[in-house]
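Here's the letter readout for the chains.
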Amino acid sequence: MSKGQAMYCFGLSLSGAIAMVCFGAAFAKHYPYFGYEGDMDEAAGACFRTAIAFGILGGLSVVLFVYAAAKQRMAPTNVRGRYEAV
């Protein structure tokens, strides 16, 4: 995985976590315009647990970013794409 892919994964995870926190907060306040007829508190809890899962995935993508950066730094020069002319 490259650094760009790890950052893309982090961005998606962050946006998902933010969206789930917003939905969870709205469900916790019993926002009436969702059209949801079930238990609002249970739905809010599910949204917050999903936000935690997105946070874990975001943390994993940060770890992969650091790993890719360290791997790129440790690689020899010709592996980075700067090939010598023959």
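Before reading on, note that the structure itself is shown above.
Undergrad: Help me understand helix α1 (residues 3-28) in this model?
TA: Each turn of an α-helix holds 3.6 residues, which means side chains three or four residues apart point in the same direction. The end-to-end C-alpha separation of α1 is 37 Å, in line with the 38 Å expected for 26 residues at 1.5 Å each. Where α1 is concerned, the buried positions are A6, S13, G16, A17, G24, A26 and F27. As for α1, its buried residues are in contact with α2 (40-74).

Undergrad: What should I look at first to understand the side chain of S13 in this one?
TA: Relative to the elements of secondary structure, S13 occurs in helix α1. Ignoring any residue separated from it by four or fewer positions in sequence, one finds S13 in contact with F54, L57 and G58.

Undergrad: Honestly, the side chain of S61 in this entry has me stumped. Any pointers?
TA: Assignment of secondary structure puts S61 in helix α2. A residue is classified by how much of its surface remains accessible, and S61, at 1% relative accessible area, is buried. There is a polar contact of 2.6 Å between the side chain of S61 and the backbone oxygen of G58. Residues in contact with S61, not counting those within four places in the same chain, are A6, C9 and F10.

Undergrad: I keep staring at the nonpolar core and nothing clicks. Help me out?
TA: As a rule of thumb, soluble globular proteins bury nonpolar side chains together. The biggest cluster of nonpolar side chains holds five residues, and these are F27, M40, A43, A44 and C47. Examining the composition of this core, we find that four residues originate from one element, α2, more than from any other. Once you skip the residues sitting within four places of it in the chain, A44 turns out to touch G24, F27 and A28.

Undergrad: Can you walk me through the environment of A44 in this structure?
TA: Tracing the chain through its elements places A44 in helix α2. Sequence-wise, A44 and A25 are 19 residues apart; in three dimensions their C-alpha atoms are separated by 6.8 Å.

Undergrad: Which parts of the structure should I look at to understand the packing of aromatic side chains?
TA: To describe a pair of aromatic rings, one takes the distance between the centres and the angle between the planes. Evaluated as defined, the whole model comprises five aromatic pairs. Summarising the aromatic geometry, the rings of F27 and Y36 are spaced 5.5 Å apart at their centres and angled 70 degrees between planes, so their arrangement reads as edge-to-face. A residue is classified by how much of its surface remains accessible, and F27, at 12% relative accessible area, is buried. A centroid spacing of 5.4 Å and a plane angle of 70 degrees characterise the contact between Y31 and F34, whose relative ring orientation is edge-to-face. Relative accessible area serves as the criterion here: at 40%, Y31 is assigned to the partly exposed category.

Conventions adopted
- Residues numbered from 1 in each chain as written.
- Predicted model: local features only at pLDDT ≥ 70, side-chain atom pairs only at ≥ 80, totals over all residues.
- Heavy atoms only, no water.
- Helix = DSSP H or I, 4+ residues; strand = E, 2+ residues; numbered from the N terminus.
- Expected span 1.5 Å × (residues − 1).
- Buried < 20%, exposed > 50% of the residue type's maximum accessible area, 1.4 Å probe, protein only.
- Contact = heavy atoms within 4.5 Å.
- Polar contact = N/O pair within 3.5 Å; in protein donor to acceptor, adjacent residues only side chain to side chain.
- Core = buried A, V, L, I, M, F, W, Y, C linked by side-chain atoms within 4.5 Å.
- Phe/Tyr/Trp six-rings, centres within 6.5 Å; stacked < 30°, edge-to-face > 60°.

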